[in-house]
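Notes for the structure review
As a plain string of letters, each chain reads:
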Amino acid sequence: MATFLYRLGRFAFRRRHFVALFWVALLALAGVGAAGAPAAGNSSFSIPGTEAQKAFDLLEERFPGSSADGATARVVFKAPAGEKMTDTDHKKTVRDTVDTLGDGSEVTRVTDPYEGGGVSEDGTIAYASVSYKVSGMELEDSSRDALEGAAEDARDAGLTVEIGGDALQAVPHTGSAEIIGIGVAAVVLVITFGSLLAAGLPLLTAIIGVGIGVSSITALASTLDLGSTTSILASMIGLAVGIDYALFVVSRYRAELAEGREREEAAGRAVGTAGSAVVFAGLTVVIALVGLSVVNIPMLTKMGIAAAGTVALAVLIALTLIPALLGYAGRRVRPAGEKGKLLGGGRAAKKPQRPNMGTRWASFVVRRPLAVLLLGVVGLGAAAVPAASLELGLPDDGSQPTSTTQRRAYDLLSEGFGPGFNGPLVVVVDARNSDDPDAVFKQTGDDIKALDNVVNVAPAAPNKAGDTATITVVPDSKPSSVTTEDLVHDIRDTGVDIKADTEADVLVTGATAMNIDVSQKLNDALVPYLILVVGLAFLLLIVVFRSILVPLKAALGFLLSVMAALGAVVAVFQWGWLSGLMGVEETGPIMSMMPIFMVGVVFGLAMDYEVFLVTRMREAYVHGEKPAQAVVTGFKYSARVVTAAAVIMMAVFSGFIGSSDSMVKMIGFGLAVAVLFDAFVVRMAIVPAVLALLGEKAWWLPKWLDRVLPNVDVEGEALRTEGDRKDEDRELVRA
C-alpha cells in the first residue's frame, strides 16, 4: 500500500499538469451537468415494509388520480375578536378565497369550510384544504404566489389568515454561518502551517472536491430522486473531511522537507505514509455511510451513498491533486518550522527550547494514565445522561419557528379543533375479499369510535369500485405524543380482530402513522447497523494496526463519544438548554433519523482521528521505541495536526447550525459536539491513557492471525528501502 501510494504521489508531482487538468475538467463537467439539470425536489419518502407505506401504496392503486403524494395546504381563517366566521361578510370573504384558489392550474380540489365541517364549534376559526397535483417542491412559483396572494386578500378584508401544509415548503438554506465556518478553518490552517499558501491548498482542494460532489448530486437529483437535503449533508461531510485529509498530507510533506528530502521525494513519502492513513480513514467513513442502507429507508440510503461518494472524492483528491499542487507551489511551501514572508520573514524559526505542547501533554498522560482515564470516562458519562430521555419523532409544522405562517396555522388549528387535528390518522379498509364491504366499513368506524383518545371519526369514503374506503380519525392528542402513538397501535389491534371476522385488511397511514413507523424501523435497525459497521471497521483496523486491543479500544471510545453527543443533542433540542444560543425556537422530539445517521458519521470521523494519531504511534513502536515513548512520539508529530483537523471539522459542522432545515441544524450541532468529545477527550486523553496502561499488550496479535492478515504497511516501512534505492540511483547518475 505505502509503496503504491508513494509512486502515485511522485507521479502526481511530476505530471502535475495532467493531474490538475483532469480534476478541473471533472469539475467543469459536473458543473455543466448541474447547470442543465432540473432543480432537486423533495425525495419521495417511502418506508418499505411498514404498514403506513403499504396503506399509502394501496391508496395509489385503488384511488387512481387522487394525487396521494401531491402537495397540500390548509388556509386557516380566524375572525376578529367578538366576531364569528359564520358572519355574512366573513363567509363571503372565505368563499371568494376558495373560488380564487380553485382557479389554479395545479390545484385538484379545494374544500369549502361551510360545506365540509371546516368551522370550529365556537365559530371563530375555519379552514379550507387545497390539494395539488404535484409535490410541494415541484409546485410552480405561480401556484405559491396565488396561494399567498389569496391569503393576503383575505387579510385585507379583516381576517387573520395563515397557511399550513407543505405547499409553501422551500429548499433549506444554511445561512451565512457556513461561510464563517470556512473562515475559521482558514485561520486555523494559517496558524498551523505558518504560511498562507500552504494553508490555502487544503481549502482549495476541499472546495474542488465538494464542488464536484455536489454538482454531481445536483445533476443526478431528478434521475435518482435525491432530496434537497442530500447535497447539503454531502457538502457538510465532504468539506470537513476534504480539508482534514489534505491537511494531513501537506503536514507530512512539510515534515519530510524538514528532514532534508527533495520535493518530489517528500511528496511521494507524504502520500505513501499520511496518504495510507487517509485511505483507511476514508474507508471507515465510507463503510459507515454506505452501511446506512441496512436501515432500508431509501432517503437515508441515498443520503449516505451521496455523502460517501463525496468522501471518496476527498480521498482521491488528497492522494493526487495535493501532490500536484505542491509541485506547482515549489519552494513557496516551506519545510516544517519555517514561516512564510508574511508570517515570519521567510526565515527559519528558532528551534524550541522545550518539547512542544503535544509532547508535554502525552508525557503527563503517560505518567498519570489511570487518573486521566477515569476523568475522561466519568466526564463523557455525565454528558451522556440526557440521552436516557431520548424521544424520537419526525418534524411537522408544530416544530417550525413561531415566526412562520405554517407554525401559526398549526397553532390556530389546535386552538379551534384540538391538538389532534394537526395529525389526523387515515385508516384504509381493504374489503375486496369481504362479502359485504359496506358493513365492514361501518363496523370499522364504529370500533374505532369506541377507542380511547378519539375525538372524531369521519364517515367511510369508498372508492368507485366500492371495495376500499378511507376513514379519517382525529385523535385527542398532538401528533408527536405517546398517547397518539398508543392510539395507532390500538387501531391496528382492532384491525386484526376485523380481519379475523371479515377477511378485510385495516391499515393505518397518514403523516403521523408514518412517523411512528419510521421511528420504530430506525430503532429496530440501530443494533444490526452498529454490529455491521463497527464489525467491518474493527476488522479493517486490525489490518491497519495489527493489534486486537487497539481497534477494540477505538470502538469503545467511539461509543462513549457518540452517547455523550446524543446527550448534548437531547439537552439542547429536546430539553431546551442553550436553545436560544443555537437558534432553536421550538423544542420537541429528536429527529428519528438523527441517532442512526450520527452514529454512522461520527464512527467514521472517530476512526479518522484514531488512524491519524495511532499510526504515528505504531510507526514509532515498529521502529524500536518502547510503548510509552511511542505514545509520546505519536503526539509529538500528530497532536498539533489532529487538533487543527478537529477544530476545522467543528467549525465546518457548526456552520450548518444556521440552516433553516431542522434536520440539518440538528445534525450540524450533533456532529460538531461529537468531534469535540471524540477528538479532545477520547483520542487526546483516553486513548493515550489506555495505551500507557496496556504497554506491550496493546500491540499484541496472535501469531496465526499475523500470518493470515495482509501487510498493508501503513507505517511506510518499505519506503525506507525504496527511498534509499532512489538516492543511490541519483548518485550513480551524477557520477
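Here the structure is a predicted model, which means the values were calculated and not measured. (Residues numbered from 1 in each chain as written. Predicted model: local features only at pLDDT ≥ 70, side-chain atom pairs only at ≥ 80, totals over all residues. Heavy atoms only, no water.)

**Here we look at the pairing of strand β3 (residues 125-132)**
Selection rule: Burial classification: accessible surface area is computed with a 1.4 Å probe over protein chains only, and a residue below 20% of its type maximum counts as buried, one above 50% as exposed, and the rest as partly exposed. A run of DSSP states H or I qualifies as a helix once it reaches four residues; a run of E qualifies as a strand once it reaches two. Both are numbered from the N-terminal end. Should DSSP find at least two bridges between two strands, the strands are regarded as paired.
Taking burial as the measure, the eight residues of β3 include eight buried ones, the bulk of the element. Neither face of β3 is left uncovered, since the one carrying Ile125, Tyr127, Ser129 and Ser131 and the one carrying Ala126, Ala128, Val130 and Tyr132 both have all their residues buried. Across seven bridges, the pairing between strand β1 (residues 72-78) and β3 is antiparallel. Its bridge partner lying in β3, arginine 74 is registered against serine 129. By the bridge criterion, three bridges tie strand β2 (residues 107-110) to β3 in an arrangement that is antiparallel. Across the sheet, residue arginine 109 finds its bridge partner in β3, namely serine 131.

**Quick notes on the environment of isoleucine 243**
Just so we agree on the cut-off: Only heavy atoms enter the contact rule, under which two residues are in contact if any of them lie within 4.5 Å.
By the secondary structure assignment, isoleucine 243 is in helix α8 (residues 228-258). In this structure isoleucine 243 comes out as buried when scored by relative accessible area, which is 0%. Each C-alpha atom of the pair isoleucine 243 and proline 202 lies 5.0 Å from the other, and the pair is 41 residues apart in sequence. Those residues in contact with isoleucine 243, other than ones at most four positions away along the chain, are Ala185, Leu189, Pro202, Leu203, Ala206, Ile648 and Val652.

**Some words on the sheet that holds β2**
Defined as follows: A fitted line through C-alpha atoms serves as each axis, taken over the contacting stretch for helices, and the angle formed by two N-to-C directions is quoted from 0 to 180°.
Taken in spatial order, the four strands line up as β2-β3-β1-β4 in an open sheet, and their pairing is antiparallel. What marks the edges here is a single partner per strand, and that holds for β2 and β4 (160-165). Within the sheet, the average angular offset between the axes of one strand and its neighbour, ignoring direction, is 20 degrees. Packing against the sheet, helix α4 (residues 88-102) makes contact with β1, β2 and β3, and its axis sits at approximately 160 degrees to β2. Sheet contacts for helix α14 (residues 405-417): β1, β3 and β4; angle to β4, the most-contacted strand, approximately 105 degrees.

**A short note on unusual backbone geometry**
Of note, the phi angle at asparagine 453 is positive, near 65 degrees, even though the residue is not glycine. Its location among the elements puts asparagine 453 in the loop between α15 (437-449) and β7 (454-457). At glutamate 503, a position not held by glycine, the phi torsion is positive, near 65 degrees. Looking at glutamate 503, the relative accessible area reads 45%, which means it is partly exposed.

**Things to note about the packing of aromatic side chains**
Cut-off, in case you're wondering: Stacked, tilted and edge-to-face are the three classes applied to pairs of Phe, Tyr and Trp rings, where Trp contributes its six-membered ring and a pair requires centres within 6.5 Å; stacked means planes under 30 degrees apart, edge-to-face means over 60, and tilted covers the rest. Only Lys NZ and Arg CZ are tested; either one counts as a charge over a ring when it is within 6 Å of the ring centre and within 35 degrees of the ring normal.
With the rule as written, the count across this model stands at eight aromatic pairs. When the centroid spacing of 5.4 Å and the interplanar angle of 90 degrees are considered together, the rings of tyrosine 127 and phenylalanine 417 count as edge-to-face. Here tyrosine 127 is found in strand β3, whereas its partner phenylalanine 417 is found in helix α14, with 290 residues between them in sequence. Like phenylalanine 417, tyrosine 127 is buried. With a centroid separation of 5.1 Å and an interplanar angle of 65 degrees, the aromatic rings of tyrosine 127 and phenylalanine 421 are classed as edge-to-face. Here phenylalanine 421 lies in the loop between α14 and β6 (425-430) and tyrosine 127 lies in strand β3, a separation of 294 residues in the sequence. The pair tyrosine 127 / phenylalanine 421 is uniform in exposure class, with both members buried. Site record: aromatic cluster; members linked through ring pairs are Tyr127, Phe417 and Phe421. Taking NZ or CZ as reference, lysine 91 lies 5.2 Å from the ring centre of tyrosine 114, over its face.

**Digging into α15**
In plain terms, the rule: Here the expected length of a helix is defined as 1.5 Å per residue gap, with one fewer gap than residues.
Compared with an ideal rise of 1.5 Å per residue, which puts 13 residues at 18 Å, α15 spans 19 Å between its outermost C-alpha atoms and is within 8% of the ideal. Looking at the buried positions of α15, the neighbouring elements they touch are β6, β7, β8 (461-462), β9 (468-475), α16 (482-502) and β10 (505-509).

**Points about the confidence of the model for the chain**
Test applied: Scored from 0 to 100, pLDDT reflects the predictor's confidence in each residue.
Mean pLDDT over the chain stands at 83; residues scoring 70 or higher make up 89%. Between the elements of the chain, mean pLDDT differs from a low of 48, seen in helix α23 (residues 718-734), to a high of 94, seen in helix α13 (residues 369-384). Long-range and interchain partners of residues 346-350, a stretch whose pLDDT sits below 50, account for eleven contacts in this model, where long-range means more than four residues apart. Long-range and interchain partners of residues 727-735, a stretch whose pLDDT sits below 50, account for one contact in this model, where long-range means more than four residues apart.

**Some points on the pattern of salt bridges**
Two side chains that carry opposite charge are able to pair once their charged atoms sit near each other. Cut-off, in case you're wondering: Take a side-chain nitrogen of Lys or Arg and a carboxyl oxygen of Asp or Glu: if they are within 4 Å of each other, that pair is a salt bridge.
Per the stated rule, a full pass over the model turns up 25 salt bridges. For the salt bridge of arginine 144 with aspartate 141, the shortest nitrogen-to-oxygen distance reads 3.6 Å. Here the residue arginine 144 and the residue aspartate 141 both occupy positions in helix α5 (residues 141-156), the gap between them amounting to three residues, near one helical turn. On the accessibility criterion, arginine 144 (15% relative accessible area) is buried. Between arginine 683 and aspartate 678 there is a salt bridge, and its shortest N-O distance comes to 2.9 Å. A relative accessible area of 0% places arginine 683 in the buried class. Under the relative-accessibility criterion, aspartate 678 is labelled buried at 2%. Taken together, the shared-partner salt bridges connect Arg10, Arg14, Glu264, Glu265 and Arg269 into one network.

**Thoughts on the packing of helix α2 (residues 16-35) against helix α10 (residues 298-329)**
Spelled out, the test is: Reported orientations rely on four angle classes, namely roughly parallel under 35 degrees, roughly antiparallel over 145, roughly perpendicular from 65 to 115, and oblique for the rest. Take the far helix as your reference; a near helix turned counterclockwise from it by less than a right angle gives a left-handed crossing, and one turned clockwise gives a right-handed crossing. Each residue gets one of three labels, nonpolar for Ala, Val, Leu, Ile, Met, Phe, Trp, Tyr, Cys and Pro, charged for Asp, Glu, Lys and Arg, and polar for the others, Gly among them.
Where α2 meets α10, the closest approach of the two axes is 9 Å, and the angle between their N-to-C directions is 135 degrees. As summarised for this structure, α2 and α10 are arranged oblique, according to the angle between their axes. For the pair α2 and α10, the crossing hand works out as left-handed. Residue-level contacts link Arg16, His17, Val19, Ala20 and Trp23 of α2 to Leu313, Leu316, Ile317, Thr320, Leu321, Ala324, Gly327 and Tyr328 of α10. A breakdown of the residues in the contact of α2 with α10 according to their chemical character gives nine nonpolar, three polar and one charged.

**With respect to α13**
Residues that lie three or four places apart on an α-helix share one face, since the helix turns once every 3.6 residues. For clarity, the cut-off: Note that the arc is computed from the directions linking the helix axis to the C-beta atoms.
Over its 16 residues, α13 extends 22 Å from the first C-alpha to the last, a length consistent with the 22 Å expected when each residue adds 1.5 Å. Those residues of α13 lying buried are Pro369, Val372, Leu373, Gly376, Leu380 and Ala384. The arc that holds the buried residues of α13, viewed along the axis, is 100 degrees, so those residues lie on one side. Residues of α13 that are exposed and angled more than 90 degrees away from the buried face: Leu370, Leu375 and Val378. Considering only its buried residues, α13 is in contact with α12 (357-367), α18 (549-574) and α21 (662-694).

**What to know about a nonpolar patch on the surface**
Counted only if it meets this: Candidate patch residues must exceed 30% relative accessible area and have no salt bridge, after which like charges are joined if within 9 Å and Val, Leu, Ile, Met, Phe, Trp or Tyr side chains if within 5 Å. Here the Shrake-Rupley method, with its probe set to 1.4 Å, supplies the accessible areas, and only the displayed protein chains count as covering residues.
Residues Val294, Leu532, Leu536 and Leu539 make up a contiguous nonpolar surface patch of about 310 Å² in total accessible area. With respect to the secondary-structure elements, valine 294 resides in the loop between α9 (263-290) and α10.

**What to know about the environment of leucine 709**
By the secondary structure assignment, leucine 709 is in the loop between α22 (703-708) and α23. Expressed as a C-alpha distance, the spacing of leucine 709 and valine 543, which sit 166 residues apart in the sequence, is 6.3 Å. In this structure leucine 709 touches Ile542, Val543, Arg546 and Leu701, once residues within four positions along its chain are discounted.

**Focus on the packing of α12 against helix α20 (residues 627-655)**
Look at α12 against α20: their axes get within 8 Å of each other, and the N-to-C directions meet at 150 degrees. Taken together, the axes of α12 and α20 lie roughly antiparallel to each other. Regarding α12 and α20, the two cross each other, and that crossing is right-handed. Contact with α12, carried on its side by Gly358, Thr359, Trp361, Ala362, Ser363 and Val366, involves Ala628, Val631, Val632, Phe635, Lys636 and Ala639 of α20 and no other residues of that element. Tallied by class, residues from the contact of α12 with α20 come to eight nonpolar, three polar and one charged.

**Topic: the side chain of arginine 62**
Selection rule: We call two N or O atoms a polar contact when they sit within 3.5 Å, provided that within protein one can donate a hydrogen and the other can accept it, with sequence-adjacent residues counted only if both atoms are side-chain atoms.
Looking at the secondary structure, you find arginine 62 in helix α3 (residues 51-62). Of the residues examined, arginine 62 reaches a relative accessible area of 11% and is grouped as buried. Within the structure, arginine 62 has its side chain in polar contact with the side chain of threonine 468 (distance 2.6 Å). Residues in contact with arginine 62, not counting those within four places in the same chain, are Asp430, Arg432, Asn463, Asp467 and Thr468.

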